Amino acid sequence: MKKVEEMNYYELLNIGPTANNEEIQKAYHLACHTYQTDSLALYSVISEAERSQILQKIEKAYHTLMDDREREKYNNQLGISCSRKGQERQEEYDEKREQAPSSARSNSARGLDVKGPDTGKGSDTGKGPESAKNSEGTKQPPPDLSDPQYLKKLRERKGVSLQEISEATMISVHSLTDLEKGEYARFPGRVYVVGFLRAYAEYIGIDVQQAKAHFEIMYLASSGKPKK
Amino acid sequence: MLARFFQKSEDENKQAENKKVEKIDKKIWAVAGGKGGTGKSIIASSIAVQLARRGKRVVIIDADLGSGNLHTYLGVTPTTITLADFLRDRTANLSDTLTNTQYENLFLISDANEVLGLANISSQIKEKLIQQIKELDFEYIILDVGAGTAYNNLDFFLISDQGLLVAVPEPTSIENMYRFIRCCLNRKLMRRFQDSPYQPLIEKAAYPKEAGGFRTVYELVEKIYQLDQAAAEAMVDEILKFKPRLIMNQVRSQTDIQAGDSIRDVTRKYLGVNLNYIGFVTYDDHVKLSARKRVPLFQEYPNSGAAVCIRNIVNRFLG
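Residues numbered from 1 in each chain as written. Chains lettered and ligands numbered in written order. Predicted model: local features only at pLDDT ≥ 70, side-chain atom pairs only at ≥ 80, totals over all residues.

1. What to know about the overall build of chain A
Within chain A one finds 13 helices and zero strands. Element order for chain A, N to C, with α for helix and β for strand: α-α-α-α-α-α-α-α-α-α-α-α-α. Put simply, chain A has 228 residues, and 35% of those count as buried. Partitioning the intrachain contacts of chain A with sequence separation of at least 6 by distance along the chain shows that 59% fall at a separation of at least 24. (Helix = DSSP H or I, 4+ residues; strand = E, 2+ residues; numbered from the N terminus. Buried ≥ 20, exposed ≤ 12 C-beta atoms within 10 Å, placed from the backbone. Contact = placed C-beta atoms within 7 Å.)

Structure follows, in structure tokens:
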């Protein structure tokens, strides 16, 4: 039980000492979202000065933990050592990343996961926290689920073609186009839409639940009259 | 002790991140939120209907004393006998006020009345009501708690096995939800430690802006830890038992959805409470339409976005 001001970098980011770069980046992005200017979650809880101070500490935490040497020095200060388990997790992650399809790697490297965090390694992508922050919400705000172009925009930002998805999922380009346009009436039934949507979302690496939430919104909007 | 607390909190947090809601077999669920108009009643009634549709024997109680309108969301015509009859001692048993709904195994205890002063019941009547709520013979008892931090609302929330907080992505809703969490925790601690020598210190935590008041629960625990480690440990255990769950309602964007994660984090770090973010419900005009028609959302629009989201939340609870 600690005050936020007394938390170490791991505690501040809600990660364990064995967290790999991917986990650190995810945690960093959530922390940036939480402590951003006019944060909804912080409303009435802390002052602007406190918010700014914690955000600076988050930036410092990110820089330190993403740098192997700095992290080692910091761990020594805390009296913890990066366990073998942590190193193994990182190696496993690197290995998976190497084996991933080229499109998935490029998506990851672009840091355009709809969930926000860049899933690629910072050192490989050359993306620093500033650029990461940009993808979070300043220059590239997260897509709106009620945006009819939601799927298409995400796919294009990730640089994945419909043809590529079609080859991987065995769903025709025509159907994928209908899916993106919200032409749900052209599918044999709702179950097909949901199934195709899942395959689509999983392939381009976006959150399936959010894609389904988008579908629910668009489905209702497109049906004109609510369906029972 | 402090390290132990933190470790427990960390474990809880990881659970929340993984969005794994443990299966439960306890039966009282309270739906609250601190702010009016966040969708508490529609979510409470929809959860009750969904449980009933899954074959559970359910009663939903309109615990929004003086402002109840659950009957409208459930499409039940106001009956002659309501909760007011029990509260005014016109009937001895709460079970006498049960009303049928269109679902065979779902019952309502309605608060549809215009009785002056019903929102201000005495503590004796409230205790009697709580006792009889606990004795109701149902698999699930859903309490639709009113807005605000009146003791009635806090106490109804605190008797539940599962406390669900409904918030919408607006500053006023979030502010009131934090206020509700703080007040609930203070109320819980004051009740648990009412005969303790540290009761005056706990009271100070309830007035954070007064001189000598504690701004956060951490400061309170720290102070008691300096005086009595065992008492502080008991207090931490009590704090850890308080695990409300968050539902973000009326979300329209990914940012709204992600706000739930941030709120969970802020609640843990600044309020010392393990809030579990269990899901979101999309903004959906069908909710309003079903209310206008005075029929349950699940009856009229079972495949609407909001209904799907609520069904997902219930399914995750039931497994």
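Having put the structure on the table, let's press on.
2. What to know about the overall build of chain B
Regarding its fold elements, chain B presents 14 helices and eight strands. Every one of the 319 residues in chain B was classed for burial, and the buried ones make up 49%. If you take every contact in chain B between residues at least 6 apart in sequence, the share linking residues at least 24 apart comes to 73%.

3. Quick notes on the pairing of strand 4 (residues 106-109) of chain B
Residues and elements named next belong to chain B. Alternating residues of strand 4 divide into Leu106 and Leu108 and Phe107 and Ile109, and every residue in both groups is buried. Pairing analysis gives four bridges linking strand 2 (residues 58-63) to strand 4, with the strands arranged parallel. Looking at strand 4, one finds that Ile60 is bridged to Leu108. In terms of strand pairing, strand 3 (residues 98-100) meets strand 4 through three bridges, oriented antiparallel. Bridge pairing links Leu98 to Ile109 in strand 4. Turn length for the strand 3-strand 4 hairpin, with the two strands adjacent in sequence and antiparallel, is five residues. (Pairing = 2+ DSSP bridges.)

4. Details of the sheet that holds strand 8 (residues 276-282) of chain B
Residues and elements named next belong to chain B. Strand order across the open sheet formed by eight strands is 3-4-2-5-1-6-7-8, with mixed pairing between neighbours. Whereas interior strands pair on both sides, the edge strands pair on one side only; in this sheet they are strand 3 and strand 8. Going across the sheet, the axis of each strand differs from the next one's by a mean of 25 degrees, ignoring polarity. Seen against the sheet, helix 11 (residues 254-271) touches strand 7 (245-251) and strand 8 and runs at an angle of roughly 155 degrees to strand 7. (Axes fitted to C-alpha atoms, helices over the stretch in contact; angles between N-to-C directions.)

5. A few points about helix 4 (residues 68-78) of chain A
Counting buried positions along helix 4 of chain A yields zero of 11 residues, so the element is predominantly exposed. The first or second residue beyond helix 4 of chain A is Gly79(A), which carries a positive phi of 80 degrees.

6. Brief notes about the nonpolar core
Grouped together as the largest cluster of nonpolar side chains are 115 residues, with contacts concentrated most on Leu13(A), Val31(B), Ala48(B), Val58(B), Ile142(B) and Ile247(B). Apart from the residues lying within four places of it in its own chain, the contact partners of Ala48(B) are Val58(B), Ile60(B), Leu106(B) and Ile142(B). Judged by nonpolar contacts, the second largest core, of 23 residues, contains Leu151(A), Leu154(A), Val193(A) and Ala211(A). (Core = buried A, V, L, I, M, F, W, Y, C linked by C-beta atoms within 7 Å.)

7. Some points on the interface of chain A and chain B
If you look at the interface, chain A gives 31 residues, while chain B gives 38 residues. Contributing elements (two or more residues each) for the side of chain A that touches chain B: helix 2 (21-34) and helix 13 (208-223) of chain A. Among the elements that take part in the side of chain A that touches chain B, helix 13 of chain A stands out by supplying five residues, more than any other. Grouping the constituent residues of the side of chain A that touches chain B by class yields 17 nonpolar, eight polar and six charged. (Nonpolar A, V, L, I, M, F, W, Y, C, P; charged D, E, K, R; others polar.)

8. Topic: the packing of helix 10 (residues 162-169) of chain A against helix 12 (residues 190-204) of chain A
All names here are of chain A. Relative to each other, helix 10 and helix 12 sit at 110 degrees, their axes nearing to 10 Å. The angle between helix 10 and helix 12 places the two elements in the roughly perpendicular class. Relative to helix 12, helix 10 is oriented so that their crossing is right-handed. Contacts from Ile165, Ala168 and Thr169 in helix 10 reach Ala199, Tyr200, Tyr203 and Ile204 in helix 12. (Parallel < 35°, antiparallel > 145°, perpendicular 65-115°, else oblique. Left-handed = near helix turned anticlockwise from the far one by under 90°.)

9. Some details on unusual backbone geometry
All names here are of chain A. Phi at Asn14 is positive, roughly 60 degrees, even though this residue is not glycine. Here Asn14 is to be found in the loop between helix 1 (9-13) and helix 2. Judged by the 24 C-beta atoms lying within 10 Å of it, Asn14 falls in the buried class. Positive phi, normally seen in glycine, also occurs at Asp38, with a value near 60 degrees. Residue class for Asp38 comes out exposed when judged on the 9 C-beta atoms lying within 10 Å of it.

10. Concerning the packing of helix 6 (residues 151-158) of chain B against helix 7 (residues 171-192) of chain B
All names here are of chain B. Between helix 6 and helix 7, whose axes approach to 10 Å, the crossing angle comes to 75 degrees. Taken together, helix 6 and helix 7 sit at an angle that is classed as roughly perpendicular. Residues Leu154, Phe157 and Leu158 of helix 6 touch helix 7, and the partners they reach there are Cys183, Cys184, Arg187 and Lys188. Looking at the contact of helix 6 with helix 7 residue by residue, the classes come out as five nonpolar, no polar and two charged.

11. Concerning the confidence of the model for chain B
Interpretation of the predicted coordinates at a detailed level should be avoided for regions scoring low in pLDDT. Residues and elements named next belong to chain B. Confidence in the prediction of chain B, expressed as mean pLDDT, is 86, and 91% of residues score 70 or more. Across residues 1-10, confidence stays below pLDDT 50; counting only partners more than four residues off in sequence or on other chains, it has 12 contacts. Taken together, the chains of this predicted complex give a pTM of 0.70 and an interface ipTM of 0.81. (pLDDT = per-residue confidence, 0-100.)

12. Examining the pairing of strand 7 of chain B
Working note: regular strand, side chains alternate between the two faces of the sheet. All names here are of chain B. Of all seven residues making up strand 7, seven are buried, and the element is well covered by its neighbours. Sheet topology places strand 7 next to strand 8; five bridges connect them, and they run parallel. Bridge assignment links Ile247 to a residue of strand 8, and that residue is Gly279. With helix 11 bridging strand 7 and its parallel neighbour strand 8, the resulting β-α-β unit is right-handed. (Right-handed = clockwise from strand over helix to strand, strands pointing away.)

13. Quick notes on the confidence of the model for chain A
Residues and elements named next belong to chain A. Looking at chain A, pLDDT values average 72 and 68% of them are 70 or higher. When mean pLDDT is taken per element in chain A, helix 1 scores highest with 94 and helix 7 (residues 122-125) scores lowest with 30. Under a pLDDT of 50 for its full length, residues 100-140 has, in the predicted model, 74 contacts with residues more than four places off or in other chains.

14. Things to note about the environment of Ser160(B)
All names here are of chain B. Considering the arrangement of structural elements, one finds Ser160 in the loop between helix 6 and strand 6 (162-167). On the basis of neighbour count, Ser160 is assigned to the buried category, with 21 C-beta atoms found within 10 Å. Ser160 sits 132 residues away from Ile28 along the chain, and the two C-alpha atoms are 4.8 Å apart. Each residue touching Ser160, except ones within four places of it in the same chain, is listed here: Ile28, Trp29, Ala30 and Leu143.

15. A look at the environment of Leu165(B)
Residues and elements named next belong to chain B. Mapped onto the fold, Leu165 is located in strand 6. You can call Leu165 buried: it has 28 C-beta atoms within 10 Å. For the pair Leu165 and Arg245, spaced 80 residues apart in the sequence, the C-alpha separation amounts to 5.9 Å. Discounting chain neighbours no more than four positions away, the residues touching Leu165 are Ala32, Gly33, Met177, Pro244, Arg245 and Leu246.

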